[in-house]
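Reading the structure
Chain by chain, the residues run as shown.
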Amino acid sequence: MERLVALWCPGLSEEGPRGEEVRAFDRLLALVRERCPFVEPIRRGVAVFPARAPSRFFGGEEAVVAMVREDLASLCQAQGTALHVGIADGLFAALCAAKADVIVPTGTTQAFLRDLPITSLRRSELAVLCQRLGLYRLGQFADLPHDRVLERFGTDGAHCHRVARGEEGDLVGIRDPSIHQRLANLYEAPPASVQPTFFGGTSANDERALRAALRVQRRLGASYVQVAREAFGHDPNERAVLVPLGSHAIEQATARRTAPWPGRLPSPSPTLVVETPPPAQLLDDDGNVVRVNVRGLLSRSPTRYVVDGSPHEHRVVAWAGPWPVATRWWEARRFRARLQVVNDASEGLLFGFEHGQWWLLGVYD
Amino acid sequence: MFAFSTPSRPLGARPPLPEQLKERAKPVFSASSRTIDVDPALQTLLPRGAFQRGTTTVLIGPEGSGATSLGISLMAHASSIGHWCGVVGAQDPGVAAMKELGLDVRRVIFVPHPRAGWADAAAELLDGVDVLLLCPPRNVPFGAARRLMARAKERRSVLLVRTTTPTQWPIVPEVTMSLTTSSWQGVGHGDGYLTARRVLVTVHGRRDASQPTERWLWLPSRHGAASMAE
């Protein structure tokens, strides 16, 4: 896991009436960027940057922390905020380390996490449940057997369990998902020299394209420019994913999946695949909600649908499916399915049914 | 094998290709030609049967009408014969779908979420690729459109712009394709699955004084790639 320096200014985390905090945070990022260009804001008042290069350059992690404190002293004083700095392996541990103002040496992350309160996971239901069971610390939660956690708390709880054990770098669903990809890219500098193509050499066209792509990367950011990379899946629809240009191995880069559905759905695939599927409702003429029951059939025939974020309701002219997806036995809402829909404008859409409701997965543009 | 893939052995350990294979493996287009070819199945869509280098073609259709599929289909043949291509602003591109339409993704550079930098990204890539598909996020300012069309002309690349309304691109391009009327085949009321879509494309050429032409297209066809539907 990546070793990160995390900064936290509690006074800048809430936006005041005059919006001063946002501007101050921008200035803070600019100051830190003068020392290390790869600062990533996590949320208001919180930022991280990789620890490896600065600590080598400035002579150790304590030196980096002291330097950051010195750089930001006058800004924090002017804003009337405290500054907390911490270093640890992995984003979750780094943020906890900042809260405690400690540098957690590599290899002691698990021990560090054990003493943290269960509320650090920011899951109120899980925390309440654990406290009722007498588990107040992450260490106690981590000691539970993994399969029992899976059974009792579901996949989200299982993920928190792995984070508590130090096996996963960060929680899900709390931060902007692209942050992990951006962090992964901080460790992969764009290639300094031109990489060879399949035929063992580069042509002038290859170099020209690569140079243009690198210019866009420098202008916008490394994660913005992507190329297709072969993915390893027995699923025909998962055979290509997009990864940032220059990532050296698919295992290291957080590859964005371009096909969230399994190969059982026949071609053609949707040309637009929604990264964060919005919820949607499928209804029949009487306004009843259409669901997929455990036998894999629709409860009613859908005649219209609405997608969250759009005020319009659309009519369903034709539909096909639902196709069941391989289910995970431990999930409370066990059924997952896919449905193709054609609306009255002859647009083709792909919906997925998961967690008891519909989501828009793709558009056949 | 994909472009920019890490060699599994150190460079220099790769055995040299036999000379005859090296010759055959070179791109099969000439950089000095004036046109960039499209798939023979789609040639009747374009005035003069191919893209003229340096020109801009605007593809107009609401989201879900197939305009993105059309753009990819027009680019597919070029990518397969060695032209580098770019796709800017197609949020969440379905790479599997693009491969089914015939795109050779080994030579495609994607910038799916350029945000405010979409015009800059497009301008830079026009330097490096021969065909660029741009999906601008909203109405394009006059200056940006003019700059991009001029860049395409200067670099002799082909610019394809996918818009959702006729006014989104403010300058009349060399070719305009509007997608109207489409019908999907294969779905009923719970049965079947989406197999093919029939789309009506209306093509205007700026230079031609003649009437716009209408063409029916399978997009995609039952076999995956696009083809004429007459």
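Values in this document were obtained by computation on a predicted structure and should not be read as measured data.

Here we come to the overall build of chain B. A count of helices and strands for chain B gives five helices and 12 strands. Taken over 230 residues, chain B has a buried fraction of 56%. Put simply, 64% of the contacts in chain B that link residues at least 6 apart link residues at least 24 apart. When the accessible surface of chain B is summed, it comes to about 9900 Å², and 53% of that surface belongs to carbon and sulfur atoms.

This paragraph deals with the overall build of chain A. Helix and strand counts for chain A stand at 10 helices and 13 strands. Within chain A, the fraction of its 365 residues that count as buried is 51%. The long-range fraction of contacts in chain A, counting pairs at least 24 apart against all pairs at least 6 apart in sequence, stands at 47%. Total accessible area computed for chain A in this model is approximately 17500 Å², and 52% of it derives from carbon and sulfur atoms.

As a further point, take the pattern of salt bridges. Under the criterion given, the structure shown has 24 salt bridges over all chains. For the salt bridge of glutamate 167 of chain A with arginine 165 of chain A, the shortest nitrogen-to-oxygen distance reads 4.0 Å. A salt bridge links aspartate 120 of chain B to arginine 147 of chain B, with the shortest nitrogen-to-oxygen separation between them at 3.4 Å. Here the residue aspartate 120 of chain B occupies a position in helix H4 (residues 118-128), and arginine 147 of chain B occupies one in helix H5 (residues 142-155), the gap between them amounting to 27 residues. On the basis of relative accessible area, arginine 147 of chain B is assigned to the partly exposed category, the value being 37%. A single salt-bridge network, built from bridges that share partners, covers Arg215 and Arg219 of chain A together with Asp120, Glu124, Asp127, Arg147, Arg151 and Arg155 of chain B.

Before going further, it helps to spend a moment on the sheet that holds strand S3 (residues 46-50) of chain A. All names here are of chain A. Taken in spatial order, the four strands make up an open sheet running S2-S3-S1-S4, and their pairing is antiparallel. Each having just a single partner strand, strand S2 (40-43) and strand S4 (84-89) make up the two edges of the open sheet. Shown here is a sheet whose adjacent strand axes are inclined to one another by a mean of 25°, direction ignored. Pairing analysis gives five bridges linking strand S1 (residues 3-8) to S3, with the strands arranged antiparallel. Paired with tryptophan 8 across the strands is valine 46, a residue of S3. Contacting S1, S3 and S4, helix H3 (residues 61-79) crosses the sheet at an angle of about 150° to S4.

So, on to the packing of aromatic side chains. Applying the stated criterion to the full structure yields four aromatic pairs over all chains. Aromatic pair tyrosine 305 of chain A and phenylalanine 351 of chain A: ring centres 5.2 Å apart, planes at 65°, arrangement edge-to-face. Of this pair, tyrosine 305 of chain A sits in strand S9 (residues 304-307) while phenylalanine 351 of chain A sits in strand S12 (residues 348-354), placing them 46 residues apart in sequence. The side chain of arginine 198 of chain B reaches across the aromatic face of tryptophan 216 of chain B, ending 4.2 Å from its centre.

Axis angle and axis distance: for two packed helices, these are the angle between their axes and the distance between the axes, and together they describe the pair. Residue and element names in this part refer to chain A. Look at helix H1 (residues 20-35) against H3: their axes get within 10 Å of each other, and the N-to-C directions meet at 165°. By the angle class used here, H1 and H3 are roughly antiparallel. Between H1 and H3 the crossing geometry is right-handed. For the pair formed by H1 and H3, the contact residues are Glu20, Ala24, Arg27, Leu28, Leu31, Val32 and Arg35 on the first element and Met67, Asp71, Leu72, Leu75 and Gln79 on the second. Residues of the contact of H1 with H3, tallied by class, amount to seven nonpolar, one polar and four charged.

Right, let's talk about helix H2 (residues 67-80) of chain B for a bit. Residues and elements named next belong to chain B. Relative to the 20 Å expected for 14 residues at 1.5 Å per residue, H2 spans 20 Å between its end C-alpha atoms, a close match to the ideal helical length. At leucine 74, H2 shows its maximal bend, which comes to roughly 25°. What H2 keeps buried is the set Ala67, Thr68, Ser69, Leu70, Gly71, Ile72, Ser73, Leu74, Met75, Ala76, Ala78 and Ser79. Trailing H2 by a residue or two, glycine 82 shows a phi angle of about 115°, which is positive.

This part is about the confidence of the model for chain B. Residue and element names in this part refer to chain B. Overall, the predicted model of chain B reaches an average pLDDT of 84, with 85% of residues at or above 70. Per-element confidence in chain B ranges from a low mean pLDDT of 48 for helix H1 (residues 19-24) to a high of 97 for strand S6 (residues 131-134). The low-confidence segment residues 1-14, where pLDDT is below 50, has 25 contacts with residues more than four positions distant or belonging to other chains. The low-confidence segment residues 22-26 (pLDDT under 50) makes two contacts with residues lying over four places distant or belonging to another chain. For this predicted complex, the interface score ipTM comes out at 0.79, while the overall pTM is 0.54.

For the rest of this paragraph, the subject is the nonpolar core. Counting residues in hydrophobic clusters, the biggest one holds 40 residues, and the most contacted among them are Leu45, Leu70, Leu74, Met177 and Val201 of chain B. Looking at this core, the elements with two or more residues in it are H2, strand S4 (85-88), helix H3 (95-100), strand S5 (108-111), S6, strand S7 (158-163), strand S8 (175-187) and strand S10 (192-205) of chain B. Of all the elements, H2 of chain B adds the most residues to this core, at six residues. Apart from residues no more than four positions distant in its own chain, leucine 74 of chain B is found in contact with Val38, Leu42, Leu45, Phe51, Leu59, Leu160 and Met177 of chain B. Leu214, Val216 and Val243 of chain A together with Val140 of chain B belong to the second largest nonpolar core, which has 38 residues in total.

Residue and element names in this part refer to chain A. Between helix H6 (residues 124-132) and helix H8 (residues 146-164), the shortest axis-to-axis distance is 11 Å and the interhelical angle comes to 100°. The angle between H6 and H8 falls in the class roughly perpendicular. In this structure, H6 uses Leu126, Leu129 and Cys130 to contact H8, whose residues at the interface are Arg152, Phe153, Gly157 and Cys160. Residue composition of the contact of H6 with H8, grouped by class: five nonpolar, one polar and one charged.

Mapped onto the elements, glutamate 347 of chain A comes out in the loop between strand S11 (337-343) and S12. One buried charged residue, glutamate 347 of chain A, remains without a salt bridge, the closest side chain of opposite sign being arginine 162 of chain B at 8.1 Å. Setting aside anything within four residues of it in sequence, one finds glutamate 347 of chain A in contact with Val341 and Val342 of chain A together with Pro62, Glu63, Gly64, Ser65 and Trp184 of chain B.

What counts and how
- Residues numbered from 1 in each chain as written.
- Chains lettered and ligands numbered in written order.
- Predicted model: local features only at pLDDT ≥ 70, side-chain atom pairs only at ≥ 80, totals over all residues.
- Heavy atoms only, no water.
- Helix = DSSP H or I, 4+ residues; strand = E, 2+ residues; numbered from the N terminus.
- Buried < 20%, exposed > 50% of the residue type's maximum accessible area, 1.4 Å probe, protein only.
- Contact = heavy atoms within 4.5 Å.
- Areas by Shrake-Rupley, 256 points an atom, 1.4 Å probe, with all protein chains shown as cover.
- Salt bridge = Lys/Arg side-chain N within 4 Å of Asp/Glu carboxyl O.
- Pairing = 2+ DSSP bridges.
- Axes fitted to C-alpha atoms, helices over the stretch in contact; angles between N-to-C directions.
- Phe/Tyr/Trp six-rings, centres within 6.5 Å; stacked < 30°, edge-to-face > 60°.
- Lys NZ or Arg CZ within 6 Å of the ring centre and 35° of its normal.
- Parallel < 35°, antiparallel > 145°, perpendicular 65-115°, else oblique.
- Left-handed = near helix turned anticlockwise from the far one by under 90°.
- Nonpolar A, V, L, I, M, F, W, Y, C, P; charged D, E, K, R; others polar.
- Expected span 1.5 Å × (residues − 1).
- Bend = angle between axes of the 7 residues up to and from the residue.
- pLDDT = per-residue confidence, 0-100.
- Core = buried A, V, L, I, M, F, W, Y, C linked by side-chain atoms within 4.5 Å.
- Lys, Arg positive; Asp, Glu negative; His and termini not counted.

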